[in-house]
Every structure is written in structure tokens, then in C-alpha cells.
Amino acid sequence: MTAARLLDAPLDDLLLELNVELHLSSITDPGFIGALVQLRDGSLVLSMPPGRPRLERDTVARAMLGHAVGVPLGPLPGMYELTEL
């Protein structure tokens, strides 16, 4: 996976390619932008809150995916922060 691919490919294609299952989160806290969890079988689950702007969801999802597969994409805008647990 390259940074160019992560930034240019349609998000749905990336999710399929990386074996990521997308779920809508029930967390509605304005500070929660989503979570990416790697399961024991190696698959990934991306949980995103509903009702967020499309650009925000797309940007955050790509940043989380890049982090998970070891492809740095640079920092997110200042209002966002990824935290690894």
C-alpha cells in the first residue's frame, strides 16, 4: 500500500482491499471521530459516528487506515488527533 493509493482510491475500494468492515458507531460524543480495531484474525473494523460531514469521515478513515498499515500520511488538521490504545 502506498500513500498515493491511500489518498487517491475511492474509500469503498480501500475498505474492500484492506479487508475492513465499516460500522456506524452509537457513540455520539462530538469529540469522538471514530475507531479502527484489528481483530485477532487480522481483519479490521472501522467504526465511525453517524451524521458527520463526508470529508471529515473520509479524511479520518484514511488517516486511521494509513496508521494501521504503516503508511504515514502526515498530520491531520489540528482539531483531530489519533490515539493508539
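Refer to the preceding data block for the structure.
Sequence order sets the numbering: in each chain, residues are counted from 1 along the sequence as written. The predicted origin of the model limits local features to residues at a pLDDT of at least 70 and limits the giving and counting of side-chain atom pairs to 80 or more, whereas totals for whole chains, interfaces and linings rest on all residues. Where side-chain values are given, they derive from all heavy atoms of the structure, hydrogens and water being excluded.

A. Highlighting the overall build of the chain. Only DSSP runs of H or I covering at least 4 residues are called helices, and only runs of E covering at least 2 are called strands; the numbering of each starts at the N terminus. Counting secondary structure elements, the chain contains 3 helices and 3 strands. Along the chain direction, N to C, the helices and strands of the chain fall in the order α-α-β-β-β-α. Taken over C-alpha atoms, the radius of gyration comes to 12 Å for the chain, in line with the 12 Å a tight globule of 85 residues would show. Its C-alpha atoms put the chain at 30 × 30 × 25 Å along the principal axes. Exposure categories follow from relative accessible area, calculated using a 1.4 Å probe and restricted to protein chains: below 20% of the type maximum is buried, above 50% is exposed, and the middle band is partly exposed. The buried share of the chain, reckoned over its 85 residues, is 35%. Relative to all contacts within the chain whose residues are 6 or more apart in sequence, the contacts with residues 24 or more apart total 48%. Here the chain has roughly 5,800 Å² of accessible surface; of this, 56% comes from carbon and sulfur atoms. Residues counted as positive are Lys and Arg, residues counted as negative are Asp and Glu, and His and the chain ends are not counted. For the purpose of locating charges, the reference atoms are NZ of Lys, CZ of Arg, CG of Asp and CD of Glu. Taking the average place of the 6 positive charges on the side chains of the chain and the average place of its 11 negative ones, the gap between the two points comes to 3 Å. Radius of gyration: over C-alpha atoms. The globule rule applied is 2.2 Å multiplied by the number of residues raised to the 0.38 power. In this description, contact between two residues means that some pair of their heavy atoms is separated by no more than 4.5 Å. Using the Shrake-Rupley algorithm and a 1.4 Å probe, accessible areas are obtained, with residue cover drawn only from the displayed protein chains.

B. Main features of the environment of arginine 57. Mapped onto the secondary structure, arginine 57 falls in helix 3 (residues 54–69). The class of arginine 57 is partly exposed, set by a relative accessible area of 22%. In this structure, the C-alpha to C-alpha distance between arginine 57 and valine 37, residues 20 residues apart in sequence, is 16 Å. Non-local contacts of arginine 57, meaning those with residues more than four positions away in its chain, are made with Leu22, Leu24, Met48, Pro49, Pro50 and Arg52.

C. Summary view of the environment of leucine 11. As for its placement among the helices and strands, leucine 11 is situated in helix 2 (residues 11–17). Expressed as a C-alpha distance, the spacing of leucine 11 and serine 25, which sit 14 residues apart in the sequence, is 18 Å. When residues no more than four places from it in sequence are discounted, the contact partners of leucine 11 are Asp58, Ala61, Arg62 and Leu65.

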